[in-house]
Amino acid sequence: MEGEHRVDPFEAFVALHGAALSASGVPSRLWRGLWRKMEDEVFDAGEYFGIMQVEEAEEESGIDEEIEEEFKKKSNPGNELCYKVIVTNENGLQASSPDSIFLIDHAWTYRVGHARQQLQQVPGLLHRMANLMGIDYHGEVPDERAIDQVLEEMWKYNQTYQLSCGTAEDKVSVWYIMDEFGSRIQHSDEPTFATAPLFYMPQEMAYTVLWPLRDLETGAEVTRDFAYGETDRLLRRCRLLPWVSSDTLDVNYFTPEPSDDHYQAILNENKEKLPVSINLPVYNKDKIFKVYTDLQQVLQNLKHPRFEFTDSEQEADILYNFSHFKDYRKLSEERPHVMLNQFPCENLLTVKDCLASISRRVGGSEGPKWLPRTFNLCTELPQFISFFQQRERRGEDNHWICKPWNLARSLDTHITKSLNTIIRQRESIPKVVSKYIEKPVLFHLEDVGLVKFDIRYIVLLRSVKPLRLYVYDVFWLRFSNRPFSLDDLDDYEKHFTVMNYDPAVSLKQIHYNEFIPLFEKQYPDCSWKSVEENIFKAFVELFQAACAKPAPLGICDYPSSRAVYAIDLMLKWETSSDGKPYMQPQILEVNFNPDCDRACKYHPTFFNDVFSTLFLDEPNGCHVTSIL
């Protein structure tokens, strides 16, 4: 129709995908050609390239790097034959041609937690993957040995992307393996091509795009850089280890606490503004405090006569919010009397990489006894690899658990003893890797057997200076659903205890007062009182470390702040210097604003106790114990 504005389909493509293409370094001169191929589903790589089988990669002139040499020996491990992709088009390939961009299909897309199940259940998948990876498998029925091999070898083939929107579950890293053509492209430190994943919105399909970095003649090899974008030589060696397994790293694996700048950068990234110094007002003993909160659990359960709710944030004396507060400066300048349920810089406790780094203030280079040895995969990869390889040489247990810095509920968390898996995990969302507790203290569950369990304590931080800390007198237990053994590492119900978010999984509940006598019966040499003393000692050391330095290197001493944290921990067997076994608490994580549903259900006075202790300074008569 005349006057109607028609949207140019190419411009619409750029509006949807331009940012992703720019971020991946795809030259804009190729975007139109890419759009045409995606629109018409043109897979024309076969007209330009061919896959060659070679007995052994020939020496490539001009690159005499040790790594490149190792690659030659190691291409397609497990295969006598090695594959290469070469340019077969008789006119070669011009980098400037707008059509010099190609689509590669994905043979398998999965989340790590579902990989084994898919190999067992998806018809033909195991066969195709075994073929692609050079694994000997010709059976009709999925064979667990072949599946285990694919699950190990896949870390030499897979790539990753994340979806940027949706639920926490949707944001778990997606891994994919390119089709036979894409998977045969070998590594080079001086690659001829680049690749990048692209999520094509109209079809909701992910492809890999491939484009040349220079003009190529017929017969030239198609290579890409498996550590693309990494310029640091040591980190390149680390990232390329999955393909050069003989490389050993003899770097010092001591991990000191990060520099002050590191903490300053975290503060800036969090956009937190620190408060100015204030004096805390003194309130009348009978003042009734107005509470503004967006937490249903508080609204439904706080019944104490000295607190009343208000819908107006402006008139509140106490802000008790679920989301993180950022602008403490403004609050401290304009309304210093307003108390709130969080501290500036408390992410030093609640984010896993920060928890590990502040804990190094206790216990020297090994870190504290109450925290599993932890490395930040972004900043401490060489130290971790060196530590892993030394343990391997000494024949020590090498099971590790990879966790995202900032996802709760065990999402995207994986247990493995494969170094390749851990190295490649670094390419997804930021993660830490912690020593997996290989000798946990187990609990005998009727009808199940000896299972893992973890313990959750609610800790109340009243102030930083002086440091005042309380523990709620009730603790909570979570159990695994299957007997523990150090195998089947992807069996969620054997290795994890977080069961209350999956409606399909049964939840075992034993209350703390039933648990203690059962525990003491199972472990007659251990009184729960002495175990709990050690747990509280660990909490005290943790909070002392977190508050030992001024903000942003420690939790900020803001007199109007109070907070409730949940600390999850397990117990592990250690041996004392005189050879006696003892139970050592292991802190797993600290959670801000924990879900207190169970607390309120079984202990209706829970929030009355919390508010009395934190905001009225009246802990007497509440179910809390002062530990500092």
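What you see is a predicted model, and the numbers here were worked out from it, not measured in a lab.

> Residue-level account of the side chain of N301, with values.
With respect to the secondary-structure elements, N301 resides in helix α10 (residues 296-301). A distance of 2.8 Å separates a polar side-chain atom of N301 from the backbone oxygen of Q297. If we ignore the near neighbours within four places in the chain, the residues touching N301 are C600, P604, F607 and N608.

> Account for unusual backbone geometry, with residues named and values stated.
Following K465, the chain continues into P466 via a peptide bond in cis, with omega recorded as -5°. Structurally, P466 can be placed in the loop between β21 (453-463) and β22 (468-479). With an omega of 5°, the peptide bond between A551 and P552 qualifies as cis. On the secondary structure map, P552 appears in the loop between α18 (528-546) and β23 (563-575). Backbone geometry at C345 places phi at a positive 70°, although glycine is not the residue there. Here C345 lies in the loop between β14 (339-340) and α12 (347-350). Even without being glycine, D447 reaches a positive phi, approximately 70°. Tracing the backbone shows D447 in the loop between β19 (443-445) and β20 (449-451).

> Describe the side chain of R456, listing the residues and the values that go with them.
Residue placement: R456 occurs in strand β21. Engagement of the side chain of R456 in a polar contact is seen with the side chain of D568, the distance being 2.7 Å.

> Which residues make up the nonpolar core, and what are the values?
One finds F519, F539 and L571 to be the most contacted residues of the largest nonpolar core, which totals 66 residues. No other element matches α18, which puts eleven residues into this core. Not counting residues up to four positions away in its chain, the partners in contact with F539 are Y457, V459, L469, V471, I567, L569, I587 and I627. The next biggest cluster of nonpolar side chains, apart from the first, holds 29 residues, and it includes F289, I458, V610 and V624.

> Tell me what's going on with the pattern of salt bridges, and back it up with residues and numbers.
Following the criterion strictly, the structure yields 34 salt bridges and no others. Residue E144 pairs with R116 through a salt bridge whose shortest N-O separation is 2.9 Å. One end of the pair, E144, is in helix α6 (residues 144-153); the other, R116, is in helix α4 (residues 115-121), and 28 residues separate them in sequence. Where salt bridges share partners, they join D454, R456, R478 and D568 into one cluster.

> Can you lay out α6 for me, pointing to particular residues and giving the numbers?
Within α6, the full set of buried residues consists of A146, I147, V150, L151 and E153. In this structure, the buried residues of α6 make contact with β4 (106-110), α4 and α5 (125-133). With a side-chain oxygen positioned 2.8 Å from the backbone nitrogen of R145, the residue opening α6 is D143.

> Tell me about the packing of helix α8 (residues 233-240) against helix α14 (residues 381-393), and name the residues and values.
Geometry of a packed helix pair, given as the angle between the helix axes and the separation of the axes. With their axes 10 Å apart at the nearest point, α8 and α14 run at an angle of 50° to one another. Classified by the angle between their axes, α8 and α14 sit oblique to one another. Between α8 and α14 the crossing geometry is left-handed. For the pair formed by α8 and α14, the contact residues are L234, L235, C238 and R239 on the first element and L381, P382 and I385 on the second.

> Break down the confidence of the model for the protein for me, citing the residues and quoting the values.
Of the residues in the protein, 93% reach a pLDDT of 70 or more, and the chain-wide mean stands at 91. Note that pLDDT drops below 50 for residues 57-64; the model gives that stretch twelve contacts with residues more than four away or on any other chain.

> Any chance you could break down the packing of α5 against α6 for me, citing the residues and the numbers?
Packing of α5 against α6 leaves a shortest axis separation of 10 Å and a crossing angle of 55°. Judged by the inter-axis angle, α5 sits oblique to α6. The two elements α5 and α6 cross, and the hand of that crossing is left-handed. Between α5 and α6, the residues in contact are L126, M129, A130 and M133 and A146, I147, V150 and E153, respectively. Grouping the amino acids of the contact of α5 with α6 by side-chain chemistry returns seven nonpolar, no polar and one charged.

> Give me the pairing of β4: which residues, what numbers.
Of all the five residues making up β4, four are buried; the element is thus mostly covered by neighbouring parts of the structure. As judged from the four bridges shared by β4 and strand β6 (residues 174-178), these two strands associate in the antiparallel manner. The residue bridging H106 from the neighbouring strand is M178, located in β6.

> So what about the sheet that holds strand β12 (residues 307-309)? Which residues, and what values?
An order of β12-β11-β13-β14 is seen for the four strands of this open sheet, with the pairing classed as parallel. Both edges of this open sheet fall to β12 and β14, since each of them pairs with a single strand only. Across the sheet, helix α20 (residues 606-615) touches β11 (289-293), β12, β13 (318-320) and β14, and the angle it forms with β13 is around 135°.

> So what's going on with α20? Which residues, and what values?
The buried count for α20 comes to ten of ten residues, which makes it a mostly enclosed element. Within α20 the residues assigned to the buried category are F606, F607, N608, D609, V610, F611, S612, T613, L614 and F615. Once α20 ends, the next one or two residues include D617, with phi positive near 55°.

> Explain the environment of H17 to me, and be specific about the residues and the numbers.
Position of H17 relative to the elements: it lies in helix α1 (residues 9-23). Each C-alpha atom of the pair H17 and L198 lies 8.2 Å from the other, and the pair is 181 residues apart in sequence. With sequence-adjacent residues up to four places away left out, H17 is seen in contact with L198, F199, Y200, M201 and P202.

> An account of the packing of aromatic side chains is needed here, citing residue identities and associated values.
Inspection of every chain in the model, using the stated rule, returns 52 aromatic pairs. Considering the side-chain rings of Y161 and Y176, the 5.7 Å spacing of their centres and the 40° angle between planes classify their relative orientation as tilted. Of this pair, Y161 sits in strand β5 (residues 158-161) while Y176 is found in strand β6, placing the two residues 15 residues apart along the sequence. Side by side, Y161 and Y176 carry an identical accessibility label, which is buried. In this structure, R32 is placed above the aromatic ring of F10, and the distance from its NZ or CZ to the ring centre is 4.1 Å. Directly above the aromatic system of Y83 lies the positively charged group of R184, at a separation of 3.9 Å from the ring centroid.

Each value, and the rule that gives it
Residues numbered from 1 in each chain as written. Predicted model: local features only at pLDDT ≥ 70, side-chain atom pairs only at ≥ 80, totals over all residues. Heavy atoms only, no water. Helix = DSSP H or I, 4+ residues; strand = E, 2+ residues; numbered from the N terminus. Polar contact = N/O pair within 3.5 Å; in protein donor to acceptor, adjacent residues only side chain to side chain. Contact = heavy atoms within 4.5 Å. Core = buried A, V, L, I, M, F, W, Y, C linked by side-chain atoms within 4.5 Å. Buried < 20%, exposed > 50% of the residue type's maximum accessible area, 1.4 Å probe, protein only. Salt bridge = Lys/Arg side-chain N within 4 Å of Asp/Glu carboxyl O. Axes fitted to C-alpha atoms, helices over the stretch in contact; angles between N-to-C directions. Parallel < 35°, antiparallel > 145°, perpendicular 65-115°, else oblique. Left-handed = near helix turned anticlockwise from the far one by under 90°. pLDDT = per-residue confidence, 0-100. Nonpolar A, V, L, I, M, F, W, Y, C, P; charged D, E, K, R; others polar. Pairing = 2+ DSSP bridges. Phe/Tyr/Trp six-rings, centres within 6.5 Å; stacked < 30°, edge-to-face > 60°. Lys NZ or Arg CZ within 6 Å of the ring centre and 35° of its normal.

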